[in-house]
Amino acid sequence: MAYWLMKSEPDAYPWEQLVKDGKGNWDGVRNYQAANNLKAMKKGDLAFFYHSNIGMEIVGIMEITKEAHPDPSDEKNRFVMVGVKPVQALNKFVTLKDIKTDWILNDMALVKQSRLSVSPVTAKQWKRVLELSDK
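Values in this document were obtained by computation on a predicted structure and should not be read as measured data.

*Asks:* Requested: an account of the overall build of the protein, with residues and values cited.
*Replies:* Per the secondary structure count, the protein includes five helices and six strands. N-terminal to C-terminal, the α/β element order of the protein is β-α-β-α-β-β-β-α-α-β-α. Here the protein has a C-alpha radius of gyration of 14 Å; the compact-globule value for 135 residues is 14 Å, and the two agree. The buried share among the 135 residues of the protein stands at 44%. A fraction of 67% describes how many contacts in the protein between residues 6 or more apart in sequence connect residues 24 or more apart. Placing the 20 positive and 17 negative side-chain charges of the protein at their respective mean positions leaves the two points 4 Å apart.

*Asks:* Requested: an account of the pairing of strand β5 (residues 80–95), with residues and values cited.
*Replies:* Sheet topology places strand β2 (residues 24–26) next to β5; three bridges connect them, and they run antiparallel. Within β5, the residue paired with G24 across the bridge is V84. Across 10 bridges, strand β4 (residues 57–70) lies against β5 in antiparallel orientation. Paired with K66 across the strands is G83, a residue of β5.

Rules of the game
Residues numbered from 1 in each chain as written. Predicted model: local features only at pLDDT ≥ 70, side-chain atom pairs only at ≥ 80, totals over all residues. Heavy atoms only, no water. Helix = DSSP H or I, 4+ residues; strand = E, 2+ residues; numbered from the N terminus. Rg over C-alpha atoms; globule rule 2.2 N^0.38 Å. Buried < 20%, exposed > 50% of the residue type's maximum accessible area, 1.4 Å probe, protein only. Contact = heavy atoms within 4.5 Å. Lys, Arg positive; Asp, Glu negative; His and termini not counted. Charge placed at Lys NZ, Arg CZ, Asp CG, Glu CD. Pairing = 2+ DSSP bridges.

So, in structure tokens, the structure goes:
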């Protein structure tokens, strides 16, 4: 199993909407590196749901339910999307400040490549985020 972090602006698509919907598609990704990360995802992988721009915090955990397939919002058919479903909200949100000041997390792609919307998370980083969230 692999771990990931996926960003969404809460005024565009918040965690609460995914929970309400029960499942969704992670679409609209137009960065090649982020798209390659989507292509690397396998069914059953887990991902943190990160509220970007507003809040700037990890708020929940999602499961990848469908591997990369064409994103119909891409007219040139170059980009993909994956299916996701909510697993659970974090008890305590883990903020970008928490991440930047933690010696295990401060080298996450979220920090090093801050504009990347879909990034890998190591098992050690995943465990540390869960510890900080009191899960």
